Amino acid sequence: MRFAAPAALIGLALLPVLTAWYAWEGRRRRAAAAAFARPALAASFAPSRPGWRRHAPLLILLLALAALIVALARPQRTVAVPVERAQIMLATDVSGSMEATDVTPDRLTAAQQAAQRFLEGVPARVNVGLLAFNQTPRVMQSPTTDRAALREAIARLEVSGGTATGQAIRAAVNVLRRAPAVDGRRPPSAIVLLSDGASTRGIDPVEAAQEARRLRIPIYTVALGTDQGTITVPRSDGSMEVRPVPPDPETLRRVARASGGRAYTAATAGELSEVYRRLGSQLGRREERRELTAGFAGAAAVLLLAGGALSLRWFGRLI
């Protein structure tokens, strides 16, 4: 919990002072009563004593005062709220290396399953789009709130070709920047880029990430796969060759850093799904401070009324 006016909390120091004054005043009254009549005669003129009830109204009053002081300090708490009009572009690598089976059952299927889970974590009002890329980026679905259309687009992903990561980033940025502005501002945007290998053609992905940063579009990268990943490709003579396809997390880290995003790695389908689940929740919401002043002020009012009512009922006076 935070406070917009923390200096007001100094007033809490009054509570022990008031408590000490109340204890001193009680001792003074008992001393005065003892001087008026001997203790042995006290039962004859004051046979019924209020006991704990004598202190209850003041205790409630002190609690009410504490609540009022906290209300004056304007307490706040941070909550996650859906980002209005936000848009996220899922850029998924579909190059030939995504056939590798080091991620169960294979990299592409794991990526599709994780993307489906991503949609479950994103608030319904957030627009999500899908871009597939190999040597050429292809927009499979423009940003939309239609989750059924997105799921169909994810299911249509197929593996082929090389990897042009820089081109994919630029294409995703171009889609996001076309969103209509409201009051002169484009909606908050982000790219989730999944790739399992080094960029083999096209523009430098770090340069493309810098362009994204200038437009305030962070890129969250996910490096998928392990160093043991391989695919089988045909040679020109008709024989088959086993080719290693390790991921390139270093380049993706540089892309994320250059754009103002974050980089993740995933060596298993479970890790990938967890990364996408966290990203879906994180990118679809933003932290917002909410004031709790009214709650504390209301509690103080209730306590004041309760203390006054008890004092009137038991002693016929407010205090």
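In this text, all values refer to a predicted model and were calculated from it rather than measured experimentally.

What to know about the overall build of the chain
Here's step 1: Looking only at helices and strands, one finds ten helices and eleven strands in the chain.
Here's step 2: Expressed as a percentage of its 319 residues, the buried residues of the chain come to 41%.
Here's step 3: Surface summary for the chain: the accessible area is close to 17,400 Å², and the carbon and sulfur share equals 56%.

Observations regarding the side chain of Thr-226
Here's step 1: Tracing the backbone shows Thr-226 in the loop between strand E7 (219-224) and strand E8 (230-234).
Here's step 2: On the basis of relative accessibility, which here comes to 17%, the residue Thr-226 falls in the buried class.

Overview of unusual backbone geometry
Here's step 1: Backbone torsion omega between Thr-104 and Pro-105 reads -10 degrees, so that peptide bond is classified as cis.
Here's step 2: Backbone geometry places Arg-74, a non-glycine residue, at a positive phi of 55 degrees.
Here's step 3: Mapped onto the elements of the fold, Arg-74 is located in the loop between helix H3 (56-72) and strand E2 (75-82).
Here's step 4: Positive phi, normally seen in glycine, also occurs at Arg-216, with a value near 60 degrees.
Here's step 5: Under the relative-accessibility criterion, Arg-216 is labelled exposed at 75%.

A short note on the sheet that holds strand E3 (residues 87-93)
Here's step 1: The six strands lie next to each other as E5-E4-E3-E6-E7-E10, forming an open sheet whose pairing is mixed. Strand pairing shows two members of the sheet lacking a second neighbour, strand E5 (137-144) and strand E10 (263-266), which therefore form its edges. Going across the sheet, the axis of each strand differs from the next one's by a mean of 15 degrees, ignoring polarity.
Here's step 2: Sheet topology places strand E4 (residues 127-133) next to E5; five bridges connect them, and they run antiparallel. Its bridge partner lying in E5, Leu-130 is registered against Gln-141.
Here's step 3: Strand contacts of helix H4 (residues 107-121): E3, E4, strand E6 (189-195) and E7, with the helix running at about 170 degrees to E3, the strand carrying the most contacts.
Here's step 4: Sitting on the sheet, helix H6 (residues 165-177) is in contact with E3, E4, E5, E6 and E7, with an inclination near 155 degrees to E6.

Some details on the pairing of E7
Here's step 1: The element E7 is extensively covered by neighbouring structure, given that six of its six residues are classed as buried.
Here's step 2: Of the strand pairs in this sheet, E6 and E7 are connected by five bridges, and their pairing is parallel. Counterpart to Leu-194 in the pairing with E7 is Val-222.
Here's step 3: Remark: the E6/helix H7 (residues 205-214)/E7 crossover connection has right-handed handedness.

Focus on the environment of Thr-136
Here's step 1: By the element assignment, Thr-136 lies in the loop between E4 and E5.
Here's step 2: Note: C-alpha distance between Thr-136 and Ala-168 (32 residues apart in sequence) is 7.4 Å.

Cut-offs used in this document
- Residues numbered from 1 in each chain as written.
- Predicted model: local features only at pLDDT ≥ 70, side-chain atom pairs only at ≥ 80, totals over all residues.
- Heavy atoms only, no water.
- Helix = DSSP H or I, 4+ residues; strand = E, 2+ residues; numbered from the N terminus.
- Buried < 20%, exposed > 50% of the residue type's maximum accessible area, 1.4 Å probe, protein only.
- Areas by Shrake-Rupley, 256 points an atom, 1.4 Å probe, with all protein chains shown as cover.
- Pairing = 2+ DSSP bridges.
- Axes fitted to C-alpha atoms, helices over the stretch in contact; angles between N-to-C directions.
- Contact = heavy atoms within 4.5 Å.
- Right-handed = clockwise from strand over helix to strand, strands pointing away.

Function cannot be read off these values alone, since they describe shape.
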